[in-house]
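Tertiary structure, described
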Amino acid sequence: MSELRDGFGSKFGALAALAGSAIGLGNIWKFPYEAGNNGGGAFLLIYIAFIVFLGIPVMMSEFALGRATQQNVFGTFKILAPKTKWYLFSILAIAASIAIMAFYGTVSGWTMEYVWLSLKDSFAGKNEQELALLFHEFIADPYRTIAWQMGFLFISGLIVVAGIKNGIERSTKIMMPVLFIIIILLGIRACTLPGSGEGLKFLFYPKFSDVTANSILSAMGQAFFSLSLGSGVLLTYGSYVSKRNNLTQMSMQVIAADTAIAILAGVAILPAVFAFNIDPASGPGLVFMTLPRIFQSLPFGQLWAISFFILLTFAALTSAISLIEVIVAYLVEERKMSRAYATVLTVGCIAILGILATLSFGELKHVTIFGLTFFDLFDFLSGKIILPIGGILICYFTGWYWDQRILKNELSNNGTIRLRFFKLYIFILRYLAPLLIFIIFLGSLGII
Ligand code: PHE
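What counts, and where the lines are drawn
Residues numbered from 1 in each chain as written. Predicted model: local features only at pLDDT ≥ 70, side-chain atom pairs only at ≥ 80, totals over all residues. Heavy atoms only, no water. Helix = DSSP H or I, 4+ residues; strand = E, 2+ residues; numbered from the N terminus. Buried < 20%, exposed > 50% of the residue type's maximum accessible area, 1.4 Å probe, protein only. Salt bridge = Lys/Arg side-chain N within 4 Å of Asp/Glu carboxyl O. Near = heavy atom within 4 Å. Polar contact = N/O pair within 3.5 Å; in protein donor to acceptor, adjacent residues only side chain to side chain. Areas by Shrake-Rupley, 256 points an atom, 1.4 Å probe, with all protein chains shown as cover. Nonpolar A, V, L, I, M, F, W, Y, C, P; charged D, E, K, R; others polar. Contact = heavy atoms within 4.5 Å. Patch = residues over 30% accessible without salt bridge, like charges linked within 9 Å, V, L, I, M, F, W, Y side chains within 5 Å. Axes fitted to C-alpha atoms, helices over the stretch in contact; angles between N-to-C directions. Parallel < 35°, antiparallel > 145°, perpendicular 65-115°, else oblique. Left-handed = near helix turned anticlockwise from the far one by under 90°. Phe/Tyr/Trp six-rings, centres within 6.5 Å; stacked < 30°, edge-to-face > 60°. Lys NZ or Arg CZ within 6 Å of the ring centre and 35° of its normal.

Despite not being glycine, Asp121 shows a phi value in the positive range, around 60°. Backbone geometry at Asn277 places phi at a positive 60°, although glycine is not the residue there. Considering the arrangement of structural elements, one finds Asn277 in the loop between α12 (247-275) and α13 (286-296). Given the relative accessible area of 72%, Asn277 is considered exposed.

It is worth spelling out the pattern of salt bridges at this point. All chains considered together, the criterion is met by 10 salt bridges. The residue Arg293 makes a salt bridge to Glu128 at a minimum N-O spacing of 2.2 Å. In this pair, Arg293 sits in helix α13 while Glu128 sits in helix α6 (residues 128-139), placing the two residues 165 residues apart along the sequence. Given the relative accessible area of 18%, Arg293 is considered buried. On the accessibility criterion, Glu128 (21% relative accessible area) is partly exposed. For Arg405, the salt bridge identified is with Asp403, shortest N-O distance 2.8 Å. Exposure remark for Asp403: the relative accessible area of 29% places this residue in the partly exposed category. In the salt-bridge network here, residues are joined through shared partners; they are Lys30, Glu34 and Asp379.

Moving on, we come to the site of the ligand. Among the 16 residues in the neighbourhood of the ligand, the closest are listed as Ala22, Gly26, Tyr104, Phe225 and Ser226. Measuring from a nitrogen atom of the ligand, one finds a backbone N or O atom of Ser21 at 3.2 Å. Within the contact set of the ligand, an oxygen atom lies 3.1 Å away from a backbone nitrogen or oxygen of Leu25. Considered on its own, the ligand offers 320 Å² of accessible surface; in the complex 100% of this is hidden by protein. Those elements giving two or more residues to the shell around the ligand turn out to be α1 (11-22), α2 (25-37), α5 (89-119), α10 (213-226) and α14 (301-334). Grouping the amino acids of the shell around the ligand by side-chain chemistry returns seven nonpolar, nine polar and no charged.

Relative to the helices and strands, Asn72 resides in the loop between α3 (41-69) and α4 (73-80). A distance of 2.9 Å separates a polar side-chain atom of Asn72 from the backbone nitrogen of Phe74. Here Gly75 takes part through its backbone nitrogen, which lies 2.9 Å from a polar atom of the side chain of Asn72. Apart from the residues within four sequence positions on either side, Asn72 is in contact with Arg5, Leu235, Ala329, Tyr330, Glu333 and Glu334.

The next subject is a nonpolar patch on the surface. Judged by side-chain polarity, Ile48, Val52, Phe53, Tyr396, Trp400, Tyr401, Phe421, Leu424, Phe427, Tyr431 and Leu432 come together as a nonpolar surface patch covering roughly 1,100 Å² of accessible area. Broken down by secondary-structure element, the contributors of at least two residues to the nonpolar patch are α3, α16 (374-401) and α18 (422-444). By the secondary structure assignment, Phe421 is in the loop between α17 (404-411) and α18.

Our next topic: the packing of α3 against α10. At a minimum axis distance of 9 Å, the contact between α3 and α10 shows a crossing angle of 50°. One way to sum up the angle between α3 and α10 is to call them oblique. As α3 packs across α10, the resulting crossing turns out to be right-handed. For the pair α3 and α10, contact is made by Phe43, Ile46, Tyr47, Phe50 and Leu54 and by Ser215, Ile216, Ser218, Ala219, Met220, Gln222, Ala223, Phe224 and Ser226, respectively.

Right, let's talk about the packing of aromatic side chains for a bit. The geometry of an aromatic ring pair is captured by the separation of the ring centres together with the interplanar angle, meaning the angle of the planes. Summed over all chains, the structure comprises 40 aromatic pairs. Between Phe77 and Trp86, the ring centres sit 5.9 Å apart and the planes meet at 15°, which makes this aromatic pair stacked. On the basis of relative accessible area, Phe77 is assigned to the buried category, the value being 1%. Measuring from ring centre to ring centre gives 6.1 Å for Trp86 and Tyr401, while their planes differ by 55°; the resulting arrangement is tilted. Taken as a pair, Trp86 in the loop between α4 and α5 and Tyr401 in helix α16 lie far apart in primary sequence, 315 residues in all. A relative accessible area of 15% means that Trp86 is categorised as buried. On the basis of relative accessibility, which here comes to 36%, the residue Tyr401 falls in the partly exposed class. We note Lys30 situated over the ring of Phe225; from NZ or CZ to the ring centre the distance is 5.4 Å.

Within the secondary structure, Ile168 sits in helix α8 (residues 164-191). Spatially, the C-alpha atom of Ile168 lies 33 Å from that of Trp400, the residues being 232 residues apart in sequence. When residues no more than four places from it in sequence are discounted, the contact partners of Ile168 are Phe8, Ala17, Ile159, Gly163, Tyr237, Ile321 and Glu325.

Next comes the structure, spelled out in structure tokens:
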């Protein structure tokens with residue numbers, strides 16, 4: 001790594017940051033409601049298939065690309081594919097980061113409000129209906145929601161300005177382990193609730209009759225979103241990973257941690273949904289309406305509530321900073337801006353679009369584009385369109401365009417690590433992954 005370029009200082013720090021990017025609202029807020037909307041167990045199975053066949057190869061490729069060049073998204077393609085249009089991948093990456101952050105900030109703002117409500121013990125004594133009302137009234141309030149959203153963006157910006165080692169690595173090293181511990185405790189507690197069996201059955205018992213082309217697209221979108229694939233985030237973070245670390249092993253560790261947290265979140269939430277007769281298909285409000293209800297039924301409920309929502313805020317922060325970093329790294333290295341200026345510019349753009357997403361639940365509820373509110377549009381565009389296209393491009397680039405010897409050298413640390421499945425990996429990159437993504441696209445558009 002060049003003397004001047006910042007990077008991760010230790011393997012644990014790198015893993016915490018990578019897992020921190022992957023593990024976020026996608027696992028804890030989105031996964032349970034996507035599973036709830038799409039038939040539970042069947043969704044989980046399809047999701048896992050995508051993780052194995054798309055997640056592993058795309059993640060390894062992004063890491064290899066970033067670490068080989070030690071550059072941002074733009075610089076990486078400039079170096080590896082000079083005189084071609086591949087550098088345009090950076091536009092896709094920037095669009096993905098902005099679209100995701102626009103609605104991510106909304107939900108992160110809700111999460112922070114819920115930390116505050118827990119501190120005030122506002123859930124005490126409220127039943128399901130009252131909790132649902134509390135949530136719906138809050139998300140329609142333009143001032144409170146936007147204020148929290150801006151607060152969240154501000155904190156994310158501060159961490160990014162502090163840099164890789166001192167900001168991103170230092171904060172994730174503390175936040176990630178705490179998150180793991182709390183979610184495991186919550187999962188264990190939820191399974192011992194009376195009536196929790198129904199929820200576990202819903203999550204683990206596949207009902208294939210509920211699977212549609214759309215739920216397959218959702219499972220793919222969820223895999224891309226949850227693992228931070230196809231957005232250039234993993235490429236950018238990969239460029240900060242030490243040349244000594246084993247990229248294949250790191251990919252497996254990140255994927256295992258991400259999947260474990262998603263399943264644990266499902267285990268913590270779905271049993272409670274059934275125990276309290278809440279509709280599993282309640283959408284984005286599911287976590288916010290369900291969990292306060294379990295917290296009440298627990299001894300020291302308020303403490304559980306406070307720790308859970310703080311955890312969710314941490315998880316969101318560690319992902320948000322990775323999304324902002326993609327753009328900041330580009331602006332600093334290619335446009336020669338100062339880190340602080342680049343961050344202010346990036347966060348400013350995100351804030352403007354983000355306000356539209358936040359207002360989608362109130363003032364702008366009836367403003368729709370292709371039938372989607374701004375919030376849903378950013379969510380749909382990023383997870384189901386931009387990230388999968390990014391994924392196809394990454395597969396194509398590493399599978400067909402890039403020199404296989406360089407790829408192999410990067411993944412094997414110049415031949416010092418044995419790569420057992422290299423041929424299979426290349427096969428997936430070249431044929432299976434792009435084909436799979438393409439077919440699902442056509443399927444969801446109703447073309448096949
Ligand atoms: N993976 C993050 C989550 O699950 C979201 C994210 C997507 C982060 C894409 C970076 C890039 O919440």
